[in-house]
Amino acid sequence: MYNAIIKGTGHFTPEHVLTNADLERMVDTSDEWIVTRTGIRERRTLNGTENIGGSGMASRASAAALEDAGLEPKDVEAIIIATVTPDFRLPSTATLVQQNLGVGRAALMDIVAACTGFIYGVAIARSFVMTGMYKNVLVCGVEHLTSITNYEDRNTCVLFGDGAGAVVVSRAIEGNGNSGILSTYLSGDGQYKDLLHIPLGGSRNPLTPENANSAGRHIYMDGREIFKLAVKEMGDAAERVIADAGMKSSDVDMIIPHQANNRIIQALGKRLKIEPERVYINIDRFGNTSSASVPIALDEAKRNGIVGEGSVVLSVAFGGGLVWGAVLYRL
Ligand code: ACO
């Protein structure tokens, strides 16, 4: 078995900022409610002036990750894109990113695991690298969530933003056995499928002229129920990867979790007995960007020097499905 490392990171967020004050003018909400209940102050959106789609955001984040890794597009052997908002139902966003970046022929796939998609992608990439199948795998979480958000539903429209984050998972050079991806854990339970879903637009309930403007084409979420499950399952997943790596939570330098709600993140830190200074938060500026949130936060933390070579990082996520998972890695 080979050792898999995170060799480079990158991210991209659109320039357009949607603030809580903007949302106060759109639905019955307040800056005070949004900040207190979620921690979000503003989020980025791909509006009409930046019509690059998810594939455009993913390509920019991926190009930055390749540059950080010191690799060329031709070095990439597989592209895994985690997204619930692909540009098209067919072909995959991975094929569009391959073309945009000028990557040669490669394994190209999208995966759907909602907010946990990036964690799933990293676990899959790690398996590819560990088994010797590929040396360099590009993993990108990208979401154009505002394209499926109902701006008449205050329960959800205050939460979501757009963006992309990417990493290159590579085979470690010899003698690097103590670094890289140390352990992963993936799980999920379809009994909760109705808590977070988009009722229309799939093959079972296609969009028709009659329903095309109804709320069912947007995200529906039962936030309260998900909140309870998220706190428990994210905690369990985190404890599991730490134990699997033969470590204790005191060995973790930084938690870089999915940014869904500041209160969920605080509860996770508390359960793991990790003080707030060791929990990375950027939800105040980006909101919930689903599968993009962990790699955006990781790249930010790296570029700001909050984590660096040798740092032990725990990333854990939870999302629609419901699906959840965690990854522990040394940079
Ligand atoms: N402004 C003002 N009031 C609001 C707003 C708003 N934007 N949204 C809801 N409220 C109201 C509700 O109507 C409710 O009023 P009521 O008591 O009169 O009915 C009250 O505030 C409390 O509502 P709750 O839903 O109980 O609020 P809660 O404290 O649970 O916060 C939130 C809601 C932020 C959605 C939270 O439950 C949450 O973050 N849940 C987890 C989300 C998550 O992790 N999702 C998974 C990842 S997302 C993905 O996979 C794409």
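See the structure shown above.
We now turn to the structure provided with this report. (Residues numbered from 1 in each chain as written. Predicted model: local features only at pLDDT ≥ 70, side-chain atom pairs only at ≥ 80, totals over all residues. Heavy atoms only, no water.)

## Quick look at the pairing of strand β13 (residues 323-330)
Looking down a regular strand, the side chains alternate between one sheet face and the other.
Right, on to step 1. Most of β13 sits inside the fold, with 7 of its 8 residues counted as buried.
Right, on to step 2. Sheet topology note: the strand β8 (residues 180-188)/β13 ladder contains 8 bridges and is antiparallel. The residue bridging Ile181 from the neighbouring strand is Tyr329, located in β13.
Right, on to step 3. Bridge count between strand β12 (residues 312-319) and β13: 8 bridges; the pairing is antiparallel. Among the inter-strand pairings, Leu314 is bridged to a residue of β13, identified as Leu328.
Right, on to step 4. Hairpin connection between β12 and β13: a loop of 3 residues separates the two successive antiparallel strands, and Gly321 in this loop has a positive phi of roughly 150°. (Buried < 20%, exposed > 50% of the residue type's maximum accessible area, 1.4 Å probe, protein only. Helix = DSSP H or I, 4+ residues; strand = E, 2+ residues; numbered from the N terminus. Pairing = 2+ DSSP bridges.)

## Section: the site of the ligand
Right, on to step 1. The environment of the ligand is made up of 26 residues, and the closest members are Thr29, Arg37, Cys115, Arg224 and Asn261.
Right, on to step 2. Here an oxygen atom of the ligand sits 2.6 Å away from a polar atom, N or O, in the side chain of Arg37.
Right, on to step 3. Between a nitrogen atom of the ligand and a main-chain N or O atom of Arg154, the distance comes to 2.9 Å.
Right, on to step 4. Listing elements by their share of the shell around the ligand, those giving two or more residues are α2 (31-38), α6 (154-157), α7 (223-244), α8 (262-271) and β12.
Right, on to step 5. Split by domain, the shell around the ligand shows at least three residues from each of two domains, domain 1 (4-171) and domain 2 (180-330). (Near = heavy atom within 4 Å. Polar contact = N/O pair within 3.5 Å; in protein donor to acceptor, adjacent residues only side chain to side chain. Domains from an automatic or database assignment.)

## So, the sheet that holds strand β7 (residues 162-171)
Backbone-to-backbone hydrogen bonds join strands into a sheet, with any given pair of strands oriented parallel or antiparallel.
Right, on to step 1. Overall, mixed pairing links the 5 strands, which are arranged β1-β7-β6-β4-β5 in an open sheet. With one partner strand each, in any of the chains shown, β1 (4-12) and β5 (107-111) form the two edges of the open sheet. This sheet shows a mean twist of 15° between the axes of neighbouring strands, independent of strand direction.
Right, on to step 2. Two strands pair when backbone bridges link them, and strand β4 (residues 78-82) and β5 are joined in this way by 5 bridges, in the parallel orientation. For Ala82, the partnering residue across the bridge sits in β5 and is Ile111.
Right, on to step 3. Lying over the sheet, helix α3 (residues 53-69) contacts β1, β4, β6 (136-144) and β7, oriented at roughly 130° with respect to β1.
Right, on to step 4. In the packing of helix α5 (residues 117-130) onto the sheet, the strands contacted are β1, β4, β5, β6 and β7, and the crossing angle to β6 comes to about 170°. (Axes fitted to C-alpha atoms, helices over the stretch in contact; angles between N-to-C directions. Contact = heavy atoms within 4.5 Å.)

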